[in-house]
Amino acid sequence: MRAPAGASDVRAAQAPARRVLSDFVADPVAVVGLALLCTVVLLALFAPLLSPQDPYDLAQLDIMDARLPPGSPTPSGGTFWLGTDDQGRDMLSAIFYGLRISLAVGAASTVLALLIGLTTGLFAAYAGGRVESAVMRIVDIQLSFPAILIALILIAVLGQGTGKVIAALVTIQWAYYARTVRSAALVEKRKEYVEAARCLALPPLRIVFRHLLPNCLPPLIVVATVQVAAAIALEATLSFLGLGLPITEPSLGLLIANGYQYLLSGKYWISFFPGLALLLTIVSINLCADRLRDVLNPRLQR
Amino acid sequence: MPVYVIRRSLQALVVLFAMSLLVFAGVYAVGNPVDILINPQAEPLERERAIAALGLDKPLWEQYATFLRGAVAGDLGRSFVHSAPALQLILERMPATLELASAAMLIAVALGIPLGLWAGLRPDSVSGRAIMAGSILGFSLPTFWVGLMLIMVFSVMLGVLPSNGRGPTVEVLGVPVSFLTVEGWRHLVMPATNLALFKLALLIRLTRAGTREALLQDYVKFARAKGLSNARVILVHVLRNILIPIVTVIGLEFGSVIAFAIVTESVFAWPGMGKLLIDSINLLDRPVIVAYLLVIVALFIAINLVVDLLYSVLDPRVRLQEARG
């Protein structure tokens, strides 16, 4: 990151974002990923408007429609494009609503974890000394255990529920952000602009958030993108194991778990399509993350 | 070296102790096992007798002290549900998990290193790109869903592989194993493949990145300038140098494979300790949860220690730094 110079402040601040965008779209695979991701997000946002039925309005469900294969006609003359589950629920609608819940949980936990990890990491780097080594010690120990294990410990300890799943995801993820932002901040804080800000006797809070933070953002954005995908996958896994979200919040993982018992009798669609939706969501995010990593990598910048 | 081993072992003990405290306090603060384990219709007197029998009437710290005293002696409490020692329950299921994890790691290594090497040598070829695209997919595929799809294709549609369980086992030195019989292999192959996918993708990426970096090094150029055959340059000069980080990662990832086996075991009803954990969490069988976590933490610490030591044996530079510092 070059330091902005005098009058061209505004231009210099806008230019990186535009450069990143134009670099990003130069790769066709990344564009496909981004388009897919936008579609998924839009489907989730407008699920109530796009779904053929409200899958959780019991008045709209008919048990006679249970476990119909994809393409079966509905009683009202429509089509169950992706079949129905054991309650006679349209799978397409259930997937739209499930996406909504999966994405919301993934995004909420990522934002919270980002805020906590970022603040901790920045202050650890800025403070240095004992504070820093204590925080990084915790981060190291935590990161040496696999996420699924920590999640299960936390669920066993906290109990089940939406809030608790988010709490578990945040506890797992903050460490990744803390480590990333700290290593970026360690490099940045030795640079002259930080020294200059210190000489001006600016308050530490201002130095940390206005001067250090913006320059630590690029690696953080990449990690955050990867972690959204990881959070969504982990929530789905927990829900599949019956330890995640409650039945009142049917995420994609829960839909897949529902279809598990029917899979062995050849009724594949109840598990298959929600899993496909989950897969497409995660792939699209990972494709974007892969490209962002290249675009934001200072070593590859011209 | 001995100083290093002792220091690392002491560190490990501290982590183990802290974990036991955290896990115990957490798990024992959740819910009320009395409501779950004792018949609600029971007489008050009967209830009290049951509470006393399970030791649930004592203060938390006293329960922990009892637990810790037992833990040092290898007694991690009795399962509320199975009424058997928790440690014994876990150790009975450990061979199944270790067998599954080893098979998965074997698949990941046997496929991942050659594929990664190939993709690293030909980064711009169609096959190289296809391998990389496949590895992104491997990272993105939700493990449990892939497991379901494997069952759907190979058990339901084609009917060639069994969908659950471990099949008949053969005792080797008193430990039941499946990999010695054909039937055992047929049960093992699907769960092991499922568990291997994620690590396979990781190993492909790691080997590819290492190969690409190694190819630019002077010693590779020098080996080529000497007129060595391509096979010798790749197998001796490139592969041996990239194996150091790969061996470390394989070691460290073995622990995470054991942890991830929880999911695979649930999908394929594999009778390992991961499935026991899930069942215990659902039943709030706290002694088993605590015992499982302590066993796996101990396993992790042991693996990390071994990998660290192995690393310093493999890479002389690490030892030098250790001696200087």
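So, here's what we can say about the structure. Computed from a predicted structure; not experimentally measured.

With that out of the way, let us pick up the overall build of chain B. Helix and strand content of chain B: 13 helices and two strands. Based on the C-alpha atoms only, the size of chain B along its principal axes is roughly 90 × 60 × 35 Å. Within chain B, buried positions represent 45% of all 325 residues. Total accessible area on chain B stands at roughly 16200 Å², and carbon and sulfur atoms take up 67% of it. Across chain B, the 26 positively charged side chains and the 21 negatively charged ones have centroids separated by 15 Å.

With that settled, the discussion passes to the interface of chain B and chain A. Taken together, the 41 residues of chain B in the interface contact 36 residues of chain A. For the pairing of chain B and chain A, the buried interface totals around 3200 Å² over both sides, and the portion due to carbon and sulfur atoms is 82%. It is B:Phe144, B:Trp145 and B:Leu148 in chain B that bury the most area against chain A; as a group they hold 19% of the surface buried on that side. Our enumeration of links across chain B and chain A arrives at one salt bridge. Residues B:Arg205 and A:Asp290 are paired through a salt bridge, measuring 3.6 Å at the closest nitrogen-oxygen approach. Our count for the contact surface shared by chain B and chain A stands at three residue pairs in polar contact (both at pLDDT 80 or more). Looking at the side of chain B that touches chain A residue by residue, the classes come out as 32 nonpolar, eight polar and one charged.

With that settled, the discussion passes to the nonpolar core. The tendency in soluble globular proteins is for nonpolar side chains to be buried as a group. Core analysis: the largest hydrophobic core is formed by 163 residues, its most contacted members being A:Leu122, A:Leu149, A:Leu152, A:Leu278, B:Phe144, B:Ile262 and B:Tyr292. With 17 residues, helix 9 (residues 204-240) of chain A is the largest single contributor of residues to this core. For this core, the domains that each give at least three residues are domain 1 (12-72) and domain 2 (96-322) of chain B. Within the second largest apolar cluster, seven residues are counted, among which are A:Ala124, A:Val135, A:Met136 and A:Trp174.

What follows concerns the packing of aromatic side chains. One pass over the structure, following the stated rule, counts eleven aromatic pairs over all chains. Between B:Phe139 and B:Phe198, the ring centres sit 5.2 Å apart and the planes meet at 85°, which makes this aromatic pair edge-to-face. Taken as a pair, B:Phe139 in helix 6 (residues 126-140) and B:Phe198 in helix 8 (residues 182-215) lie far apart in primary sequence, 59 residues in all. You can call B:Phe139 partly exposed: its relative accessible area is 25%. In this structure B:Phe198 comes out as partly exposed when scored by relative accessible area, which is 30%. Through successive ring pairs, a cluster of aromatic residues spans A:Tyr268, A:Trp269, A:Phe272, A:Phe273 and B:Trp145. The side chain of B:Arg122 reaches across the aromatic face of B:Trp118, ending 4.0 Å from its centre.

Residues and elements named next belong to chain A. Summarising the element assignment, Ser109 is placed in helix 4 (residues 91-127). Accessibility expressed as a relative area gives 0% for Ser109, which makes it buried. A polar side-chain atom of Ser109 sits 3.1 Å from the main-chain carbonyl oxygen of Gly106. If we ignore the near neighbours within four places in the chain, the residues touching Ser109 are Ile166, Leu169, Val170, Gln173 and Ala231.

Cut-offs applied
- Residues numbered from 1 in each chain as written.
- Chains lettered and ligands numbered in written order.
- Predicted model: local features only at pLDDT ≥ 70, side-chain atom pairs only at ≥ 80, totals over all residues.
- Heavy atoms only, no water.
- Helix = DSSP H or I, 4+ residues; strand = E, 2+ residues; numbered from the N terminus.
- Buried < 20%, exposed > 50% of the residue type's maximum accessible area, 1.4 Å probe, protein only.
- Areas by Shrake-Rupley, 256 points an atom, 1.4 Å probe, with all protein chains shown as cover.
- Lys, Arg positive; Asp, Glu negative; His and termini not counted.
- Charge placed at Lys NZ, Arg CZ, Asp CG, Glu CD.
- Contact = heavy atoms within 4.5 Å.
- Buried area = accessible area lost by both parts, 1.4 Å probe.
- Salt bridge = Lys/Arg side-chain N within 4 Å of Asp/Glu carboxyl O.
- Polar contact = N/O pair within 3.5 Å; in protein donor to acceptor, adjacent residues only side chain to side chain.
- Nonpolar A, V, L, I, M, F, W, Y, C, P; charged D, E, K, R; others polar.
- Core = buried A, V, L, I, M, F, W, Y, C linked by side-chain atoms within 4.5 Å.
- Domains from an automatic or database assignment.
- Phe/Tyr/Trp six-rings, centres within 6.5 Å; stacked < 30°, edge-to-face > 60°.
- Lys NZ or Arg CZ within 6 Å of the ring centre and 35° of its normal.

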